[in-house]
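Chains, contacts and geometry: an overview
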Amino acid sequence: MDKNTFVKKLFLSLPPMDQHDLEVSLDRLETLHPHVNKDVLLAAHDVRACVNTSNDNDAAKSSQLMSLLRRLQEKRDKFYASKQNVEHRLIGSETSKDGTKSMHLQTYLCQLDAPNARSGSWVASWQILVVSERECQLSGSVEIHSRYAEQTNVHMQATRTFPEQSLNTEQQTVNSKVADEQISHEKQLAVTIVDAIWDMEEELFADLQRMFDKVDDSLKRIRRILPITKTKFKWDSATSKHVKLLNESGSLHK
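Remember, predicted model here, so these are calculated numbers, not experimental data.

Here we look at the pairing of strand β3 (residues 118-132)
- In terms of strand pairing, strand β2 (residues 100-113) meets β3 through 13 bridges, oriented antiparallel. Its bridge partner lying in β3, Leu-109 is registered against Trp-122.
- Between β2 and β3, which pair antiparallel and follow one another directly, the connecting turn spans four residues, one of which, Ala-117, has a positive phi of 55 degrees.
- Bridging between β3 and strand β4 (residues 135-148) involves 14 bridges; their strand directions are antiparallel. Among the inter-strand pairings, Ala-124 is bridged to a residue of β4, identified as Val-142.
- The loop that links β3 with its antiparallel partner β4 comprises two residues.

Here you go:
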């Protein structure tokens, strides 16, 4: 692996951060690796974070891709409307070769919680191979990165890959009135794809929740709230006091 690839991979592995911390990180990387191209790194970061680029032109997208993006955006807007400090973005692209159409979706969710010294991101990438107006192949992956930094620097990173599966609308009601609106094959396939994506992401979230439930009690005992002051126990201060007492106790026995 060459240096440029290593630095890019290192930069993209960092947890989500605000613009100031992002610029500080770039400056430090530039100090360590003078050959690094900050513009290239920022461009790679923007792609990962689904920041709109000059190539993201809605006018050039097909009605099928736009229908899919709208459906997924509506579902995410509804789900994350009540969440605090959460940003969520979505981009999509499509290609056509030898009569075969494929679409790519990428979603980015980020939470920055500075008062509690924590942050996290969820990056999902989905590939859709359109077989017919009623059928497609769906596969994808999700990358999660969370960080807790209150008097520590703890990271959790996880990746889940979803193997290719076939989706179709044969069992759905197509071209019939649903909520006073004509639903075309194209729109119905978009509904089917978004529902499948949502189900897989919910499955991953449920697995993570079960994992956290198992360790939640232990973590609370380690980092507990003091009953009177209602503040978190300061381990660094407590350790210093214990060391001081041990040193004083040792000096008394000399």
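Description of a nonpolar patch on the surface
- Together, Met-1, Phe-6 and Leu-10 make up an exposed nonpolar region whose accessible area comes to about 320 Å².
- With respect to the element layout, Phe-6 can be found in helix α1 (residues 3-12).

What about unusual backbone geometry?
- The backbone of Cys-50 sits at a positive phi, close to 60 degrees, despite the residue not being glycine.
- Following the sequence through the fold, Cys-50 ends up in the loop between α3 (38-48) and α4 (63-80).
- The class for Cys-50 is buried, based on a relative accessible area of 2%.
- Phi is positive for Asp-98, close to 55 degrees, though the residue is something other than glycine.

Examining the sheet that holds β3
- Spatially, β1-β2-β3-β4-β5 is the arrangement adopted by the five strands of the open sheet, whose pairing is antiparallel. A strand with exactly one partner marks an edge of an open sheet, and here the two such strands are β1 (86-97) and β5 (154-168). Each strand axis lies, on average, 10 degrees off the axis of its neighbour in the sheet, ignoring direction.
- Along the sheet, α3 makes contact with β1, β2, β3 and β4, crossing β2 at roughly 100 degrees.
- Contacts between α4 and the sheet are confined to β1, β2 and β3, with β1 contributing the most and set at about 165 degrees to the helix.

A short note on α4
- The end-to-end C-alpha separation of α4 is 25 Å, in line with the 26 Å expected for 18 residues at 1.5 Å each.
- Here α4 has its buried residues at Gln-64, Leu-65, Met-66, Ser-67, Leu-68, Leu-69, Leu-72, Arg-76 and Tyr-80.

The rules behind each value
- Residues numbered from 1 in each chain as written.
- Predicted model: local features only at pLDDT ≥ 70, side-chain atom pairs only at ≥ 80, totals over all residues.
- Heavy atoms only, no water.
- Pairing = 2+ DSSP bridges.
- Helix = DSSP H or I, 4+ residues; strand = E, 2+ residues; numbered from the N terminus.
- Patch = residues over 30% accessible without salt bridge, like charges linked within 9 Å, V, L, I, M, F, W, Y side chains within 5 Å.
- Areas by Shrake-Rupley, 256 points an atom, 1.4 Å probe, with all protein chains shown as cover.
- Salt bridge = Lys/Arg side-chain N within 4 Å of Asp/Glu carboxyl O.
- Buried < 20%, exposed > 50% of the residue type's maximum accessible area, 1.4 Å probe, protein only.
- Axes fitted to C-alpha atoms, helices over the stretch in contact; angles between N-to-C directions.
- Contact = heavy atoms within 4.5 Å.
- Expected span 1.5 Å × (residues − 1).

Interpretation in functional terms is not warranted from these geometric data alone.
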